[in-house]
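Residue-level listing of the chains:
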Amino acid sequence: VAAAVVDASEESEKAYELGVERCLTLCDAKDGPFLETPYSSQAFAIVRVSIEPKNVGDLDALDRGLRLLHKADPSVSVEAMVTGENVLGCCGDEHLKRCISDLQNLYARGV
């Protein structure tokens, strides 16, 4: 998601594109309120599964897709095990289904 910010006080038509991960707060105060992320850093995965690409050559694309998935959904945990497995941790079965769907359709297509 990207947001455009326009500085109305200078009547400038310049817009700056900002990277916004998941949420955006609009405020008219210059130093608006700082809101904590709704995701706890202490959260842990209830369901953990090993993810591997269909072809070994697609391993880099899968790694990139898992990083993008984690950036889009911080409640997802991604671990690279000593054995070479990529382990995806989710908050439950439905969350796992959505994460797999997002990987296949958005972040790691055709992998």
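Remember, predicted model here, so these are calculated numbers, not experimental data. (Residues numbered from 1 in each chain as written. Predicted model: local features only at pLDDT ≥ 70, side-chain atom pairs only at ≥ 80, totals over all residues. Heavy atoms only, no water.)

1. Notes on the pattern of salt bridges
So the rule is basically this: A pairing counts as a salt bridge when a side-chain nitrogen of Lys or Arg comes within 4 Å of a carboxyl oxygen of Asp or Glu. Helix numbers and strand numbers start at the N terminus; a helix is a DSSP run of H or I with at least 4 residues, a strand a run of E with at least 2. Per-residue accessibility, obtained with a 1.4 Å probe over protein chains only, is compared with the maximum for each type, and a residue is labelled buried under 20%, exposed over 50%, and partly exposed between these values.
Applying the stated rule across the entire model yields four salt bridges. A salt bridge links E94 to K97; its shortest N-O distance comes to 3.3 Å. Of this pair, E94 and K97 both sit in helix α2 (residues 93-107), separated by three residues, roughly a single helical turn. Of the residues examined, E94 reaches a relative accessible area of 57% and is grouped as exposed. Close ionic contact of D102 with R98 constitutes a salt bridge, the shortest N to O distance being 2.9 Å. Placement of both D102 and R98 in helix α2 is noted, with a separation of four residues, approximately one turn of the helix. For D102, a relative accessible area of 15% translates into the label buried. Using a relative accessible area of 32% as the deciding quantity, one classes R98 as partly exposed.

2. Section: helix α1 (residues 59-72)
We apply this condition: In this analysis, the expected span of each helix is defined as 1.5 Å times one less than the number of residues it contains. An arc is given here, and it is the one of the directions from the helix axis to the C-beta atoms.
The terminal C-alpha atoms of α1 lie 20 Å apart, and with 14 residues this matches the ideal 20 Å at 1.5 Å per residue to within 8%. Residues of α1 that are buried: A61, L62, G65, L66, L69 and A72. For α1, the buried positions fall inside an angular range of 135 degrees around the axis, keeping them on one side. With respect to the buried face of α1, the exposed residues turned more than 90 degrees away are D60, R67 and K71.

3. As for the environment of I100
Basically, it comes down to this: For this analysis, residues touch if any pair of their heavy atoms sits within 4.5 Å.
With respect to the helices and strands, I100 occurs in helix α2. Here I100 falls in the partly exposed class, since its relative accessible area comes to 25%. Taking the C-alpha atoms as reference points, I100 and I51, 49 residues apart in sequence, are found 9.3 Å from one another. Discounting residues that sit within four places of it in the chain, I100 has contacts with I51 and L88.

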